[in-house]
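One-letter residues, chain by chain:
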Amino acid sequence: MGNFGLVTPDLPAAACWKRWPWIPQGWRYREGFAFAGRLSGYLGDQPVEGWGWAVPRIQARAAHRLWETLEREWAVRPVSVVGVEGLPVDRFKVPAQVGLSDGKALELLVFTGQFRNILRHYGINPQTAEITVMWEEGNLGLACSRLIAQHLRFLRLIHPDAGRLDHAAAVIMAETGISPKVQQVPPEQGRHIAMVIRCGTMKRYRAWNCPPNTLDWELFAGQSDWFRRLTGEGFFTVWGPSVSLPTSPVLGEVLIRAVAGWSLGHWVGCQLRLERIAQMKQYLSQRRIAALAERFA
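Owing to the predicted nature of the structure, the values given are computational and were not obtained by experimental measurement.

Caption draft 1: Structural detail: the pattern of salt bridges. Counted by the stated rule, this structure contains 7 salt bridges. Across the salt bridge formed by R38 and E49, the nearest N and O atoms sit 3.1 Å from each other. Here the residue R38 occupies a position in strand 2 (residues 34–43), and E49 occupies one in strand 3 (residues 46–54), the gap between them amounting to 11 residues. Judged by its relative accessible area of 43%, R38 is partly exposed. Measuring nitrogen to oxygen at the nearest pair gives 2.7 Å for the salt bridge that ties R77 to E73. Judged by its relative accessible area of 23%, R77 falls in the partly exposed class.

Okay, structure coming up:
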């Protein structure tokens, strides 16, 4: 199958550093990446092969040097699509010949595919309960709201910018007929909200605490535990000489793109296009990869 690359802090550093674990991380990655070797695995029943690179829990001052080194490395290996964890991708130019993914499309696809089951599990009635979507970055909250609004009657949108809120409300109204409430400040503690969905990194709203008895759900926060629970075990499996990587949105999306042959386009950052999600959903439905397609039906 198509060769893929995976850049993640979950891979071990270069073999020589394992002998001296006391050496500071900054020294380990002074020259950039740490090549972790060949990776192989399965997406459902489809075999995949590629390469992995270890990176530190990134510090902003080292990001530019890491990108330069990775670009040189990708150029000498037949890598068509790369999954990136732990590196800021929006501020740097990436190679045009390499497709880049950070897992946001797959993460939102899995969440919205299981949304009704989540509401049912927690006893939330979508016809009477209010769901709140809160975001600050790009259109992450709008993308999420557009996908779940078809199942709801009461939706509240929270974003610091009034213009973005008005635009989001108009889009959802045109697509679903729902007229969402909008506000620039977080909900008061006394307000009864059944579920709050936080999309992406929070800065202005970071100190806000979710009201008691409210389901608090985080998307695009780099957490793989809930993603594993939603997808089950064994769907995205990759291993190398000394590592077996856990299920994660980034790993899943890069394997899907490698198997499907989607080598072009940078599926990264906070500007999430629904066309990508629709393309991925259609592909999974057609291929019926393991039980994933049934979950997304």
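Caption draft 2: A look at the sheet that holds strand 10 (residues 215–219). Pairing in this open sheet of 5 strands is parallel, and the strands run 8-7-6-9-10 from one edge to the other. What marks the edges here is a single partner per strand, and that holds for strand 8 (181–183) and strand 10. Averaged over neighbouring strand pairs, the angle between their axes works out to 20° when direction is ignored. The sheet strands contacting helix 5 (residues 140–148) are strand 6 (130–135), strand 7 (154–158), strand 9 (195–199) and strand 10, and the helix crosses strand 6 at an angle near 155°. Lying over the sheet, helix 6 (residues 162–176) contacts strand 6, strand 7 and strand 8, oriented at roughly 155° with respect to strand 7.

Caption draft 3: The sheet that holds strand 2, seen in detail. Sheet architecture is open: 8 strands sit in the order 12-11-2-3-1-4-5-13, paired in mixed fashion. Two strands lie at the open edges of the sheet, namely strand 12 (244–245) and strand 13 (266–267), each paired on one side alone. With 9 bridges connecting them, strand 2 and strand 3 associate as antiparallel partners. Bridged to R38 within strand 3 is W51.

Caption draft 4: Molecular detail of the pairing of strand 11 (residues 236–239). Side-chain alternation along strand 11 places F236 and V238 on a buried face and T237 and W239 on a face that remains uncovered. Relative to strand 11, strand 2 is paired through 4 bridges, and the arrangement is antiparallel. Each bridged residue has a counterpart across the sheet, and for S40 the counterpart in strand 11 is W239. Pairing of strand 11 with strand 12 involves 2 bridges; the strand directions are antiparallel. Bridge assignment links W239 to a residue of strand 12, and that residue is S244.

Caption draft 5: Structural detail: the pairing of strand 3. Burial of strand 3 is extensive: 7 of the 9 residues sit out of reach of the surface. Sheet topology places strand 1 (residues 3–8) next to strand 3; 6 bridges connect them, and they run parallel. Of the residues in strand 3, the one forming a bridge with L6 is G52. In sequence, strand 2 turns back onto strand 3 through a hairpin of 2 residues, with G44 there showing a positive phi of about 60°.

Caption draft 6: Structural view of the state of the cysteines. Counting across every chain of the model gives 0 disulfides. With no disulfide of its own, C199 has C144 as its nearest cysteine by sulfur position, at a separation of 4.2 Å.

Caption draft 7: Representation of the nonpolar core in the model. F4, F111, I131, M195, I197 and L219 are the most contacted members of the largest nonpolar core, which has 68 residues in total. If you look at the next biggest cluster of nonpolar residues, it comprises 15 residues, including W51, W53, V55 and W74.

Caption draft 8: Examining helix 8 (residues 249–260) more closely. For helix 8, which comprises 12 residues, the first-to-last C-alpha distance of 16 Å matches the rise-based estimate of 16 Å (1.5 Å per residue) to within 8%. With 11 of its 12 residues buried, helix 8 lies for the most part within the structure. Turning to helix 8, its buried residues number three or more, namely P249, V250, L251, G252, E253, V254, L255, I256, R257, A258 and V259.

Caption draft 9: Inspection of the packing of aromatic side chains at higher detail. Scanning all chains against the criterion turns up 5 aromatic pairs. For the pair W262 and Y283, a centre-to-centre distance of 5.3 Å together with 65° between the ring planes defines the contact as edge-to-face. One end of the pair, W262, is in the loop between helix 8 and strand 13; the other, Y283, is in helix 9 (residues 274–287), with 21 residues separating them in the sequence. Here W262 and Y283 have matching classes, each one buried. One aromatic cluster is present, built from ring pairs that chain together F111, F115 and W217. For the cation-ring pair, R257 lies above W267, with the distance from its terminal atom to the ring centre recorded as 4.5 Å.

Caption draft 10: Representation of the side chain of T112 within the structure. Mapping T112 onto the fold places it in helix 3 (residues 104–113). Its relative accessible area of 14% is what places T112 among the buried residues. Apart from the residues within four sequence positions on either side, T112 is in contact with L147 and I148.

Caption draft 11: Local environment of the environment of A129. The topology assignment puts A129 in the loop between helix 4 (115–121) and strand 6. With 64 residues separating them along the chain, A129 and I193 place their C-alpha atoms 7.2 Å apart. In this view, A129 contacts I124, F154 and A194; residues no more than four positions away in its chain are not counted.

What counts, and at which threshold
- Residues numbered from 1 in each chain as written.
- Predicted model: local features only at pLDDT ≥ 70, side-chain atom pairs only at ≥ 80, totals over all residues.
- Heavy atoms only, no water.
- Salt bridge = Lys/Arg side-chain N within 4 Å of Asp/Glu carboxyl O.
- Helix = DSSP H or I, 4+ residues; strand = E, 2+ residues; numbered from the N terminus.
- Buried < 20%, exposed > 50% of the residue type's maximum accessible area, 1.4 Å probe, protein only.
- Pairing = 2+ DSSP bridges.
- Axes fitted to C-alpha atoms, helices over the stretch in contact; angles between N-to-C directions.
- Contact = heavy atoms within 4.5 Å.
- Disulfide = S-S within 2.5 Å.
- Core = buried A, V, L, I, M, F, W, Y, C linked by side-chain atoms within 4.5 Å.
- Expected span 1.5 Å × (residues − 1).
- Phe/Tyr/Trp six-rings, centres within 6.5 Å; stacked < 30°, edge-to-face > 60°.
- Lys NZ or Arg CZ within 6 Å of the ring centre and 35° of its normal.

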